[in-house]
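Residues per chain are reported as follows:
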Amino acid sequence: MSEHMSLPDADDRDFDDPFVSTGEMELADRAALRRIAGLSTELEDITEVEYRQLRLERVVLVGVWTGSDAQEAEASMTELARLAETAGSEVLDGLVQRRDRPDTATYIGSGKVAELREVVLSTGCDTVICDGELSPGQLRQLEDKLKVKVIDRTALILDIFAQHARSREGKAQVELAQLSYMMPRLRGWGQAMSRTGGGIGTRGPGETKLETDRRRINKRMAKLRKELRAMGTVRETMRGMRKANAVPSVAIAGYTNAGKSSLLNAITGAGALVEDALFATLDPTTRRSETPDGRTFTLTDTVGFVRHLPHQLVEAFRSTLEEVADSDLLVHVVDASDPLPERQVSAVREVFNEIIAERETPMPPELLVVNKIDAADEVTLTRLRHLFPGAVFVSAHSGEGVQRLREVIAEELPRTDVELEVFVPYARGEVVARVHAEGVVLDERHTDDGTELRARVLPPLAGALDEFVVRH
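Residues numbered from 1 in each chain as written. Predicted model: local features only at pLDDT ≥ 70, side-chain atom pairs only at ≥ 80, totals over all residues. Heavy atoms only, no water.

Looking at an unreviewed UniProt entry, one finds the protein chain named GTPase HflX and attributed to Allokutzneria oryzae. UniProt, in its Subunit (unreviewed entry) section for the protein chain, records the words "Monomer. Associates with the 50S ribosomal subunit." According to the UniProt record, the Sequence similarities (unreviewed entry) comment for the protein chain is "Belongs to the TRAFAC class OBG-HflX-like GTPase superfamily. HflX GTPase family." (UniProt positions renumbered as here; feature names shortened; annotations may be inferred.)

Sorry if this is basic, but what is going on with helix H6 (residues 168-182) here?
Helical geometry note: an α-helix holds 3.6 residues per turn, so side chains three or four residues apart project in the same direction. In this model H6 runs 21 Å from its N-terminal to its C-terminal C-alpha over 15 residues, within 8% of the 21 Å that 1.5 Å per residue would give. Of all the positions in H6, only Glu169, Gly170, Ala172, Gln173, Val174, Leu176, Ala177, Leu179 and Tyr181 are classed as buried. (Helix = DSSP H or I, 4+ residues; strand = E, 2+ residues; numbered from the N terminus. Expected span 1.5 Å × (residues − 1). Buried < 20%, exposed > 50% of the residue type's maximum accessible area, 1.4 Å probe, protein only.)

In this structure, what is going on with the pairing of strand S5 (residues 89-98)? I would like to understand it.
It is a general feature of regular strands that their side chains alternate between the two faces of the sheet. Within S5, eight of the 10 residues are buried, leaving the element largely enclosed by the surrounding structure. The sheet contact formed by strand S4 (residues 57-65) and S5 spans nine bridges and is parallel. By the bridge assignment, Leu61 is partnered in S5 with Gly94. (Pairing = 2+ DSSP bridges.)

What is the right way to look at the packing of helix H3 (residues 110-123) against helix H4 (residues 136-146) in this model?
A pair of packed helices is characterised by two quantities: the angle between their axes and the separation of those axes. Close contact between H3 and H4 brings their axes to 10 Å; oriented N to C, the two are set at 50 degrees. On the basis of their axis angle, the class for H3 and H4 is oblique. The interaxial crossing formed by H3 with H4 has right-handed handedness. In this structure, H3 uses Val113, Leu116, Arg117 and Val120 to contact H4, whose residues at the interface are Leu142, Lys145 and Leu146. Of the residues in the contact of H3 with H4, the class split is five nonpolar, no polar and two charged. (Axes fitted to C-alpha atoms, helices over the stretch in contact; angles between N-to-C directions. Parallel < 35°, antiparallel > 145°, perpendicular 65-115°, else oblique. Left-handed = near helix turned anticlockwise from the far one by under 90°. Contact = heavy atoms within 4.5 Å. Nonpolar A, V, L, I, M, F, W, Y, C, P; charged D, E, K, R; others polar.)

Just to check I follow, could you spell out the packing of helix H5 (residues 153-164) against H6 for this structure?
In contact at an axis separation of 10 Å, H5 and H6 are set at 155 degrees when each is read in the N-to-C sense. Taken together, the axis directions place H5 and H6 in an arrangement best described as roughly antiparallel. The crossing of H5 and H6 is left-handed. Across the interface between the two elements, Thr154, Ala155, Leu158, Phe161 and Ala162 from H5 touch Val174, Ala177, Gln178 and Tyr181 from H6. Its residues placed into classes, the contact of H5 with H6 shows seven nonpolar, two polar and no charged.

Which parts of the structure should I look at to understand the packing of aromatic side chains?
For any pair of aromatic rings, the description consists of the separation of the ring centres together with the inter-plane angle of the planes. Under the criterion given, the structure shown has one aromatic pair. Between Phe305 and Phe352 the ring centres are 5.6 Å apart and the planes differ by 85 degrees, which places this aromatic pair in the edge-to-face class. Placement of the pair is Phe305 in the loop between strand S12 (296-301) and helix H9 (311-316) and Phe352 in helix H11 (residues 341-359), with a sequence separation of 47 residues. We note that Phe305, like Phe352, is buried. Positioned above the aromatic ring of Trp65, the side-chain terminus of Arg98 is 4.2 Å from the ring centre. A cation over an aromatic ring shows up here: Arg385 above the ring of Phe393, its NZ or CZ 4.6 Å from the ring centre. (Phe/Tyr/Trp six-rings, centres within 6.5 Å; stacked < 30°, edge-to-face > 60°. Lys NZ or Arg CZ within 6 Å of the ring centre and 35° of its normal.)

Help me out: how do you make sense of the environment of Leu186 in this one?
As for its position among the elements, Leu186 is in the loop between H6 and strand S8 (194-195). Since its relative accessible area comes to 17%, Leu186 is described here as buried. Setting aside residues up to four positions removed in sequence, Leu186 forms contacts with Leu210, Asp213, Arg214 and Ile217.

Teacher, can you tell me more about the sheet that holds S12 here?
Strand pairing in a sheet relies on backbone hydrogen bonds. The paired strands run either parallel or antiparallel. Strand order in the open sheet formed by six strands is S11-S12-S10-S13-S14-S15, and the pairing between neighbours is mixed. What marks the edges here is a single partner per strand, and that holds for strand S11 (285-290) and strand S15 (392-393). In this structure, strand S13 (residues 329-335) lies alongside strand S14 (residues 366-371), joined through six bridges in parallel fashion. By the bridge assignment, Val333 is partnered in S14 with Val369. Lying over the sheet, helix H8 (residues 260-268) contacts strand S10 (249-254), S11, S12, S13 and S14, oriented at roughly 155 degrees with respect to S12.

Just checking my understanding: could you explain the pairing of strand S6 (residues 127-130) for this structure?
Where burial is concerned, the two faces of S6 agree: the one with Thr127 and Ile129 and the one with Val128 and Cys130 are both buried. Note: S4 against S6, four bridges, orientation parallel. When the sheet's bridge partners are listed, Leu61 is paired in S6 with Ile129. Across four bridges, the pairing between S6 and strand S7 (residues 149-152) is parallel. Following the sheet pairing, Thr127 is matched in S7 by Lys149. Regarding the hand of the β-α-β motif, the stretch spanning S6, H4 and S7 is right-handed. (Right-handed = clockwise from strand over helix to strand, strands pointing away.)

Help me understand the side chain of Ser395 in this model?
Considering the arrangement of structural elements, one finds Ser395 in the loop between S15 and helix H13 (402-412). Judged by relative accessible area, Ser395 falls into the buried class, the value being 0%. A polar atom in the side chain of Ser395 sits 2.9 Å from the side chain of Asp374. Among the polar contacts made by the side chain of Ser395, one reaches the side chain of Ser398 at a distance of 3.0 Å. Once residues within four sequence positions are removed from consideration, Ser395 is found in contact with Asn371, Lys372, Ile373, Asp374, Glu400 and Val402. (Polar contact = N/O pair within 3.5 Å; in protein donor to acceptor, adjacent residues only side chain to side chain.)

Got a minute to help me understand the pattern of salt bridges in this structure?
Note that side chains of opposite charge can pair when their charged atoms are close. Evaluated as defined, the whole model comprises 19 salt bridges. Residue Asp335 is joined to Lys372 by a salt bridge in which the shortest nitrogen-to-oxygen separation is 3.6 Å. Of this pair, Asp335 sits in strand S13 while Lys372 sits in the loop between S14 and helix H12 (378-387), and the two are 37 residues apart along the sequence. Here the salt bridges share partners, and the residues they tie into one network are Glu79, Asp131 and Arg153. (Salt bridge = Lys/Arg side-chain N within 4 Å of Asp/Glu carboxyl O.)

I tried to follow unusual backbone geometry on my own but got confused; where do I start?
Phi is mostly negative for residues that are not glycine, and the peptide bonds are mostly trans. In the Ramachandran plot, Tyr107 falls in the positive-phi region, its phi being about 75 degrees despite a non-glycine side chain. One can find Tyr107 in the loop between S5 and H3. With a relative accessible area of 4%, Tyr107 lands in the buried category. A positive phi is found at Lys372, a non-glycine position, where the angle reads about 65 degrees.

Structure (structure tokens):
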């Protein structure tokens, strides 16, 4: 079957306000570099200056439907269209082939390849995107027969990550994932690209260009892994400092475009980048916040997930994803407006289990949060309440349910503070001031000789108050 893919309108926002957040500035930056449809990629000489004009790639999507669920196949193709749009493409058409399994030679079979070639010619597209990971042989066969560039779902996601990575760690992680993907797909031209040497023992075909490329990529990957290990050590040190200071940590995770960054902003006012696009933010953002009862905790927005997330990305982003495994509470965000939210939950938990299995550590408690309730109808919300009975329903956009979420987070976080009663002489007023600044004062009475306090404080402060303690 064949169907046309429709794309949502671009998000038009005003960035003239001088009091914009960091996220809004990043969004303006990204919008300024958006590709323009209808412009040529050819070089044009204008007054002795060359201008290369950006062009929106025109793509056709193709997928293989192997299961019995037609709705899942349609959702996967719709998601592929969103991914293509996020990468900066214009989707012209989409084809789905019903098969028991993908064809080992051409992914969709020779008959469908001929039909796809006709679609390529009639639409004038320059790229075909396959909804799956192609083997090097499938990639070569399709390009030979279609005469246009062919990429798979994995390459598309890697391209989006490359566009959106901002931090040094994020860029290194993406480059490592791209090189891991590229390594088995390198193509060579045999002896025509060989390096012949001089002298005895070096005549004839020498080291080929392909072998040189492989050696250079292996060397670069080894260097990136070393750098990422060093960055991971820094991340571990920061997590260790938070634990030493007894600051609970909350990790926000979930499917891409479920509204994780919006939820972070709603709870903490972080000003993180928010965009209606897949994988809009890759670099984790950590902010401090307080529970309604005054306890401090950290909230970390992690990278989003997607169905069939490339294993190269899971491996490369392992140190970032470990923020989830080391948290005290996992806030799992689900998109209420998605047609198959349960599939989102399954895809995210699959990655969680992979990370936890390798670390051999218990999974942190999970709090399911259904976001975007303002974009779903009552029938859908009723179904979701039945499907996820313990979930908290919120709208980060309107603020509905956010206060309730803060209260539930406070209930679920482990209590690391202790309650004690102290008597502090008036001569030690700095101790009373510290209790007010670092703890939660539950009761306070002034006597003739000093101040009696009943307070809840963290272990380091409790140790400093030992000499004043009346009762724990």
